[in-house]
Amino acid sequence: MTAPSALPAPHDTLLDLGGRTALVTGAAGGIGRACVLRLAAAGAKVRAVDRDAEGLEALAAAAADLGGSVEPHVLDLTDLDAAEDAAAGTDVLVNNAGLQLVRPIEEFPPDVFHTVLTVMLEAPFRLIRGALPHMYGQGWGRVVNISSVHGLRASAYKSAYVAAKHGLEGLSKTTALEGASHGVTSNCVNPGYVRTALVEKQIADQARAHGIPEERVVAEVLLQDSALKRLIEPEEVAQAVAYLCGPQTSFVTGTSLILDGGWTAH
């Protein structure tokens, strides 16, 4: 399958974020990279946050070649104070950064559990906390949390990831309730398995956990409950993020936009 273009041409007339500042975490690759390019295509100045300095520089160069404005911001989200500070002045916040480890609960390292919850739940809280004063002050803001089908359903061996995503769903809804009177919406985007480096690592982890070859993992484990038997592309997720930032979705808040190929239809 050919991935859809991340930066449509000519100028995107359906979403105009000219004069807006967006912040995307986990921006150097995968979903985050696609979101940065999509929002830049709509005219936003994008703060691209990631630990990967080289990846951010490559992203900024790619965006510049296509006419987008991207500001690389090297940051480890376990530095929660720095995360909150980075979100000041943000009009659009996309909480995307994540990590995964596949292990049975009795074998799951407590320090990794703590790190997953810090990066995927506590850091989004601090980023939202840092962004809301500016959003409230201007009477407009968009918070988009990249959740997962695992924010709505559980899978074995993913205790930290599932716990973090379920928590993110609640945080997003609370943000929606508090932000409604200030013109701020907050929603989750819930993809199934996306074609990213994180999923590629999961395939190897799942093969070890289930004791089966990697080539059987996608069909028999990852996509077992999906009606569509393919991975979703990062650009498809980025289009959903853009949709939630548009003027036609000002009444969409406190909900989850599910892109799971029919997984939750069971």
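Rules used throughout
- Residues numbered from 1 in each chain as written.
- Predicted model: local features only at pLDDT ≥ 70, side-chain atom pairs only at ≥ 80, totals over all residues.
- Heavy atoms only, no water.
- Pairing = 2+ DSSP bridges.
- Helix = DSSP H or I, 4+ residues; strand = E, 2+ residues; numbered from the N terminus.
- Right-handed = clockwise from strand over helix to strand, strands pointing away.
- Salt bridge = Lys/Arg side-chain N within 4 Å of Asp/Glu carboxyl O.
- Buried < 20%, exposed > 50% of the residue type's maximum accessible area, 1.4 Å probe, protein only.

Chemist: How would you explain the pairing of strand S3 (residues 69–74) if you had to name every residue and give the values?
Modeler: In this structure, strand S2 (residues 45–50) lies alongside S3, joined through six bridges in parallel fashion. Paired with Val46 across the strands is Val70, a residue of S3. Between S2 and its parallel partner S3, the chain crosses via helix H2 (residues 53–65), and the hand of that crossover is right-handed.

Chemist: So, the pattern of salt bridges: which residues are in play, and what are the values?
Modeler: One pass over the full model with this rule turns up nine salt bridges. Here Arg126 makes a salt bridge to Asp81, at a shortest N to O gap of 2.4 Å. Of this pair, Arg126 sits in helix H4 (residues 110–138) while Asp81 sits in helix H3 (residues 80–86), and the two are 45 residues apart along the sequence. Residue class for Arg126 comes out buried when judged on its relative accessible area of 15%. Connected through shared salt-bridge partners, Asp81, Glu84, Arg126 and Arg129 make up one network.

Chemist: A description of the pairing of strand S5 (residues 141–146) should follow, citing residues and the corresponding values.
Modeler: Counting buried residues along S5, six of its six residues qualify, which places the element largely inside the surrounding structure. Burial along S5 is two-sided: Gly141, Val143 and Asn145 facing one way and Arg142, Val144 and Ile146 facing the other are all buried. Judged from the four bridges that link them, strand S4 (residues 92–95) and S5 form a sheet pairing that is parallel. Bridging from a neighbouring strand, Asn95 pairs with Asn145 of S5. Assessed by its sense of winding, the connection that carries the chain from S4 through H4 to S5 is right-handed. For the handedness criterion, the β-α-β arrangement of S5, helix H5 (residues 159–179) and strand S6 (residues 184–191) is classed as right-handed.

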